[in-house]
Amino acid sequence: MAVLSILTAPDARLKEPARPVERIDERVLALVDAMLETMYDAPGIGLAAPQVGVGLRVFVADVSAKEEPPSPLVLINPAIVWRSEELVVAEEGCLSLPEHYGEVTRPAEVVMRHRDREGSLREIRAAGLLARCLQHEQDHLDGILFIDHLSMLRRNMILRKLAKARRQSRA
Ligand SMILES: [Zn+2]
């Protein structure tokens with residue numbers, strides 16, 4: 001199993017909506033395993049397939065604290081089926097936007113329906129960090145980054161810095 005390389009913005013592949021998984025076959029399971037390994041290696045609390053250049057509606061997450069045992073979640077073809085009216089603001093980061101953070105307003109709680117790696121239909125009711133993580137990763141499947149929730153000024157500033165950092169790392 002290999003750690004995959006994570007795309008960083010600006011990259012057109014991060015802006016493309018992903019397509020549904022038609023069949024949970026060995027290829028999809030191998031992708032999920034590699035994504036989990038990549039997320040833990042980064043380390044991060046969530047990773048969506050488009051971030052590793054795969055346009056499928058799949059993401060992995062684990063919001064357990066360092067001292068807790070790992071609790072990996074695998075979400076295939078996820079959909080948010082309920083959102084709370086209550087909104088909360090919190091700072092977010094993203095493995096595809098390294099070293100940049102921003103305050104994002106999102107529903108405080110959500111219910112997400114998805115298939116797990118065995119193909120069973122499941123629902124998660126989430127609040128707090130998990131609710132935020134699930135919504136952030138779901139956004140990735142629609143080509144949306146957390147900076148798309150910020151002002152255009154702030155978004156462009158972050159994208160300019162990332163483009164500059166990339167030019168310097170190539171030089
Ligand atoms: Zn992200």
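Here the structure is shown first, and the text comes after it.
So, here's what we can say about the structure. As the structure is a prediction and not an experimental result, all values here were calculated from the model. Residues take numbers from 1 onward in each chain, read along the sequence in its written order. Thresholds applied to this predicted model are a pLDDT of at least 70 for local features of residues and 80 or more for the giving and counting of side-chain atom pairs; totals over whole chains, interfaces and linings are not thresholded and use all residues. With hydrogens and water stripped out, all remaining heavy atoms of the structure feed into the side-chain values.

Here we come to the overall build of the protein. Helix and strand labels come from DSSP, where a helix needs a run of H or I of at least four residues and a strand needs a run of E of at least two; each type is numbered from the N terminus. A count of helical and extended segments in the protein gives 3 helices and 7 strands. Written out in order from the N terminus, the α and β elements of the protein read α-β-β-β-β-β-β-β-α-α. All radius of gyration figures rest on C-alpha atoms, and the globule criterion is 2.2 Å times the number of residues raised to 0.38. Taken over the C-alpha trace, the protein has a radius of gyration of 16 Å; the compact-globule value for 171 residues is 16 Å, and the two agree within 12%. With the C-alpha coordinates aligned to their principal axes, the bounding extent of the protein is approximately 45 × 40 × 35 Å. Under the scheme applied here, a residue whose accessible area is under 20% of the maximum for its type counts as buried, over 50% as exposed, and between as partly exposed, the area being computed with a 1.4 Å probe on protein chains only. The proportion of buried residues among the 171 residues of the protein is 42%.

It is worth spelling out the coordination of the zinc ion at this point. Only nitrogen, oxygen and sulfur atoms qualify as donors, and only when within 2.8 Å of the metal (3.2 Å in the case of Na, K and Ca); with water excluded, sites may look incomplete. Coordination of the zinc ion by the protein involves Cys-94 (SG), His-136 (NE2) and His-140 (NE2), with metal-donor separations of 2.0 to 2.2 Å. Counting residues between consecutive donors of the zinc ion along the chain gives the motif C-x41-H-x3-H. With a gap of 46 residues between them, Cys-94 in the loop between β4 (87-92) and β5 (102-107) and His-140 in helix α2 (residues 128-141) connect regions that are remote in the sequence. As far as the burial class goes, Cys-94 and His-140 line up, both buried.

Val-32, Met-35, Val-58 and Val-60 are the most contacted members of the largest nonpolar core, which has 15 residues in total. Mapped onto this core, the elements with two or more residues apiece are α1 (26-41), β2 (58-61) and β3 (73-83). In contact with Val-60, not counting residues within four places along its chain, are Val-32, Met-35, Leu-36, Met-39, Ile-45, Gly-46, Leu-47, Leu-73 and Val-74. Buried Ala, Val, Leu, Ile, Met, Phe, Trp, Tyr and Cys residues that are joined via side-chain atoms within 4.5 Å together make up what is termed a nonpolar core. In what follows, residue pairs with any heavy atoms lying within 4.5 Å of each other are defined as contacts.

Further remarks concern the pattern of salt bridges. Any two side chains of opposite charge can pair, given that their charged atoms come close. The salt bridge criterion pairs a side-chain nitrogen of Lys or Arg with a carboxyl oxygen of Asp or Glu, the two atoms within 4 Å. Taken as a whole, this structure holds 12 salt bridges when the rule is applied. A salt bridge links Arg-113 to Glu-123; its shortest N-O distance comes to 2.8 Å. Of the two residues, Arg-113 sits in strand β6 (residues 109-115) while Glu-123 sits in strand β7 (residues 121-127), which places them 10 residues apart along the sequence. Given a relative accessible area of 37%, Arg-113 falls into the partly exposed group. Between Arg-155 and Asp-148 there is a salt bridge; the shortest N-O distance is 4.0 Å. Taking relative accessible area as the criterion, Arg-155 reaches 17% and is therefore assigned buried. In this structure Asp-148 comes out as partly exposed when scored by relative accessible area, which is 29%. Look at the salt bridges and you will find they share partners, linking Glu-92, Arg-106, Arg-132 and Asp-139 into a network.

Moving on, we get to the state of the cysteines. The bond known as a disulfide is covalent and runs between the sulfur atoms of two cysteines. Cysteine sulfur atoms are paired as a disulfide whenever they come within 2.5 Å of each other. Summed over the entire model, instances satisfying the criterion amount to 0 disulfides. Residue Cys-133 stays outside any disulfide, its sulfur separated by 10 Å from that of Cys-94, the closest cysteine.

This part is about the environment of Leu-159. Considering the arrangement of structural elements, one finds Leu-159 in helix α3 (residues 152-170). The spacing of Leu-159 and Ala-49 is 110 residues in sequence and 21 Å in space, taken between C-alpha atoms. With sequence-adjacent residues up to four places away left out, Leu-159 is seen in contact with Ala-9, Pro-10 and Ile-147.

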